[in-house]
Amino acid sequence: CQYVENSFNKDECYKILFVGASEINCKLIHQWKRKDNVLIALTNRSPIPLKEIAQKEDLEVLNWQNLSSWKDFDVVIVGTKAGKYLLEDSSDVIKTKVILDLSVPRNVDPKLKKYKNISLLNIDQIHQKVTATQVKQHEKLQEVDSFIEKALERHVGIFQKKQRNAQQLLVAGA
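Presented here is a report on the structure given in the accompanying data block.

Cut-offs and rules
- Residues numbered from 1 in each chain as written.
- Predicted model: local features only at pLDDT ≥ 70, side-chain atom pairs only at ≥ 80, totals over all residues.
- Heavy atoms only, no water.
- Phe/Tyr/Trp six-rings, centres within 6.5 Å; stacked < 30°, edge-to-face > 60°.
- Buried < 20%, exposed > 50% of the residue type's maximum accessible area, 1.4 Å probe, protein only.
- Helix = DSSP H or I, 4+ residues; strand = E, 2+ residues; numbered from the N terminus.
- Lys NZ or Arg CZ within 6 Å of the ring centre and 35° of its normal.
- Polar contact = N/O pair within 3.5 Å; in protein donor to acceptor, adjacent residues only side chain to side chain.
- Contact = heavy atoms within 4.5 Å.
- Pairing = 2+ DSSP bridges.
- Axes fitted to C-alpha atoms, helices over the stretch in contact; angles between N-to-C directions.

What follows is about the packing of aromatic side chains. What the rule picks out here adds up to two aromatic pairs. Residues F8 and Y14 carry aromatic rings whose centres are separated by 4.2 Å and whose planes lie at 10° to one another, so their mutual orientation is stacked. Residue F8 shares its accessibility class with Y14, and that shared class is buried. Measuring from ring centre to ring centre gives 6.1 Å for Y14 and W32, while their planes differ by 85°; the resulting arrangement is edge-to-face. With a gap of 18 residues between them, Y14 in strand β1 (residues 14-19) and W32 in helix α2 (residues 23-32) connect regions that are remote in the sequence. Each member of the pair, Y14 together with W32, is buried. The ring of F73 has K15 sitting right over it, with the charged end atom 4.8 Å from the ring centre.

Right, dumping it as structure tokens:
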């Protein structure tokens, strides 16, 4: 979600097309439904799961025969098993900024990467980004832990020094 959100201005409204009624797409749809500035559409080869999911999540439905209109969506997330490229290069104007291919095998033609306005990531690249982010977060947590530990040691030292001074004053006053 964060990668897609970073591709747009904070208040900008954008349209996402989910291709496929896969489990991963359903989980992502559920996450995206919490966003205010997102319009979501779903398409699927089989009409039954398409209608069920669309009704449950209150989604716009794109008929499978109209999949070529993917170019009109700002974000396209493909999570299906087609065995061929579903999104391919064409001479049409492509409005899409982000394409995430979660399919194995891939269902998005890698030639789409040639367009400078499109950020195309496949499942392996997404995994690398997630792993890199997790490593950075872990490093930051270690820095915070170290900072807290040092601050705690300083405060304990100050407290102990005050305790000793108070004891010395009591002994001197007696």
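Note on placement: T43 falls in strand β2 (residues 38-43). One polar contact links the side chain of T43 to the main-chain carbonyl oxygen of L62, over a distance of 2.7 Å. In this view, T43 contacts L17, F18, V19, G20, L50, L62, N63, W64 and L67; residues no more than four positions away in its chain are not counted.

Moving on: the sheet that holds β2. In spatial order, the strands read β3-β2-β1-β4-β5-β6; together these six strands make up an open sheet with parallel pairing. With one partner strand each, in any of the chains shown, β3 (60-61) and β6 (119-122) form the two edges of the open sheet. Here four bridges tie strand β5 (residues 98-101) to β6, and the two strands are oriented parallel to one another. Note that in β6 the partner of V98 across the bridge is S119. Taken strand by strand, helix α3 (residues 47-57) contacts β2 and β3, and its axis lies near 160° from that of β2. Along the sheet, helix α4 (residues 123-173) makes contact with β5 and β6, crossing β6 at roughly 90°.

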